[in-house]
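Listed here are the chains, written in short residue letters.
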Amino acid sequence: MATIQETTRPPHRLDDVPGWFPVLDQVLFDWFLSRQEASGTRGDLLEVGVYMGKSAIFTGRHLRPGESFTVCDLFEGDAPDSANRAESTKSYGRLTRRIFEENYLAFHDVLPRVLQGPSSVVPAEVAPQSCRFVHVDASHLYEHVHGDIRAARELLLPDGIVVLDDFRSEHTPGVSIATWEAVLNGELRPICISTQKLYGTWGDPGPVQEELIAMVRGRSDCHLSMQEAAGHRIIRLKSKGMRAPEFPLSRYGDAPEAPGPTSAPAAPVESPSAASVPRRRSRVRRVAVDLLPPVLTRVLRRAMR
């Protein structure tokens, strides 16, 4: 995620929104959130670090009446320290709040509550034990991720779900250290891991793990394996050609898509007739005329005089 992607036109579908939200994680987000709703669990939603809004747009579809959805990002704001400033400038230098809001409103009628600032502002703005689902995808620096995980524990309901992004990427060791520290010392219990994210809870992971295993075993497009580590059962999932859950088109979805910036209309192809040959003399055209049958050649030569 070292280079920024840009939107060049309003998104017609979710895949048009730049971002890193693999199909497997879309399936898991949908499953965890739908499971909560089916069981009657009520609570707010929170995403820390939104980039251009792809996962937030997806999560916002699960917002129900009486719940709130809060997102937090620096956008073009000032970072709290020099290390975070360098990280933000390198990877997200041209990200703006306007881009996020335009993308989100392409799919939803109302924006979530937007906190523009470092993730450290979240605990003062979101009530303790009010959230059922928290997605952490902000700074990759250990100090910030450590604080984000601590905040997630305070804000989640007892059996709420936290999702930690980039916990195993080679370029984000700070996320890995903070994540496994929370597992070993902070009582975070892993539920499952995907290629990119760890899903966990500070509640009892057993019931949700059993339901997840049953769901995955009923599919042919997901590889399942399990390991025991430090007293934790960890479910490992990997996509085998998964298709993303169906997601409605944006409000622009029925409009014709504009051509890409490098595309150009093709020149019309015309049949060789006297009416279609320009009257100015051209060596190239004369060579082409010479290749035609004699009768048609005489007609075309008269037209070119």
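Remember, it's a predicted structure, so these values are computed and weren't measured experimentally.

### Observations regarding the overall build of the protein
Item 1. Assigned secondary structure in the protein consists of ten helices and nine strands.
Item 2. Split into buried and exposed, the 305 residues of the protein put 47% on the buried side.
Item 3. In the protein, of all internal contacts separated by at least 6 residues, the share reaching a separation of at least 24 is 69%.
Item 4. Per element, the accessible surface of the protein, about 16200 Å² overall, is 53% carbon and sulfur.

### So, the pairing of strand β6 (residues 189-193)
Item 1. Counting buried positions over the five residues of β6 gives four, a clear majority of the element.
Item 2. Where β6 lies against strand β7 (residues 197-201), four bridges are found, and the strand directions are antiparallel. Bridged to I193 within β7 is L198.
Item 3. In this antiparallel pair of consecutive strands, β6 and β7, the connection spans three residues.
Item 4. As paired strands, β6 and strand β9 (residues 232-239) are joined by two bridges and run parallel to one another. The residue bridging C192 from the neighbouring strand is I235, located in β9.

### A short note on the nonpolar core
Item 1. Counting residues in hydrophobic clusters, the biggest one holds 43 residues, and the most contacted among them are L28, F32, F100, F133, C192, L212 and L237.
Item 2. Of all the secondary-structure elements, those providing two or more residues to this core are α1 (23-38), α2 (54-60), β2 (69-73), α4 (97-105), β5 (156-165), β6, α8 (206-217) and β9.
Item 3. Looking at this core element by element, the count peaks at seven residues for α1.
Item 4. Dropping the residues within four chain positions of it, L28 is found in contact with C192, S194, Y199, L212 and L237.
Item 5. One finds L46, V126, L156 and V162 within the second-largest nonpolar core, a separate group that totals 26 residues.

### Concerning the confidence of the model for the protein
Parts of the model with low pLDDT should not have their predicted coordinates read in detail.
Item 1. Averaged over all residues, the pLDDT of the protein equals 84, while 75% of them reach at least 70.
Item 2. Segment residues 1-7 is flagged for pLDDT under 50; beyond a separation of four residues in sequence, or across chains, it makes 31 contacts in the model.
Item 3. The low-confidence segment residues 87-93, where pLDDT is below 50, has 16 contacts with residues more than four positions distant or belonging to other chains.

### Here's the deal with the pairing of strand β4 (residues 131-136)
Item 1. In terms of residue burial, β4 counts as a mostly covered element, since six of its six residues are buried.
Item 2. By the bridge criterion, five bridges tie β4 to β5 in an arrangement that is parallel. Note that in β5 the partner of C131 across the bridge is L156.
Item 3. With helix α6 (residues 142-155) bridging β4 and the parallel β5, this β-α-β connection has right-handed handedness.

### Describing α6
Item 1. Over its 14 residues, α6 runs 20 Å from end to end, which matches the ideal 20 Å to within 8%, given 1.5 Å per residue.
Item 2. Taken together, the buried positions of α6 are occupied by H144, V145, D148, I149, A151, A152 and L155. Down the axis of α6, the buried side of the element spans an arc of 165 degrees, and every buried residue falls inside it.

### Topic: unusual backbone geometry
Item 1. The phi dihedral of Y51 falls on the positive side, at around 50 degrees, and the residue is not glycine.
Item 2. Of note, the phi angle at F75 is positive, near 50 degrees, even though the residue is not glycine.
Item 3. Along the chain, F75 turns up in the loop between β2 and α3 (82-92).

### Let's talk about the environment of G174
Item 1. Within the fold, G174 resides in helix α7 (residues 173-185).
Item 2. Note: C-alpha distance between G174 and H144 (30 residues apart in sequence) is 8.9 Å.

### A word on the packing of aromatic side chains
Item 1. Taken as a whole, this structure holds 13 aromatic pairs when the rule is applied.
Item 2. On the numbers, 5.5 Å between centres and 80 degrees between planes, the contact of F21 with F58 is edge-to-face. Here F21 is found in the segment before α1, whereas its partner F58 is found in helix α2, with 37 residues between them in sequence. The same class applies to F21 and to F58, which are both buried.
Item 3. Joined through ring pairs, the aromatic side chains of F21, F29, W31, F32, F58, F107, F133, Y199 and F247 make up one cluster.
Item 4. Taking NZ or CZ as reference, R61 lies 5.4 Å from the ring centre of F247, over its face.

Calculation criteria
Residues numbered from 1 in each chain as written. Predicted model: local features only at pLDDT ≥ 70, side-chain atom pairs only at ≥ 80, totals over all residues. Heavy atoms only, no water. Helix = DSSP H or I, 4+ residues; strand = E, 2+ residues; numbered from the N terminus. Buried < 20%, exposed > 50% of the residue type's maximum accessible area, 1.4 Å probe, protein only. Contact = heavy atoms within 4.5 Å. Areas by Shrake-Rupley, 256 points an atom, 1.4 Å probe, with all protein chains shown as cover. Pairing = 2+ DSSP bridges. Core = buried A, V, L, I, M, F, W, Y, C linked by side-chain atoms within 4.5 Å. pLDDT = per-residue confidence, 0-100. Right-handed = clockwise from strand over helix to strand, strands pointing away. Expected span 1.5 Å × (residues − 1). Arc of directions from axis to C-beta. Phe/Tyr/Trp six-rings, centres within 6.5 Å; stacked < 30°, edge-to-face > 60°. Lys NZ or Arg CZ within 6 Å of the ring centre and 35° of its normal.

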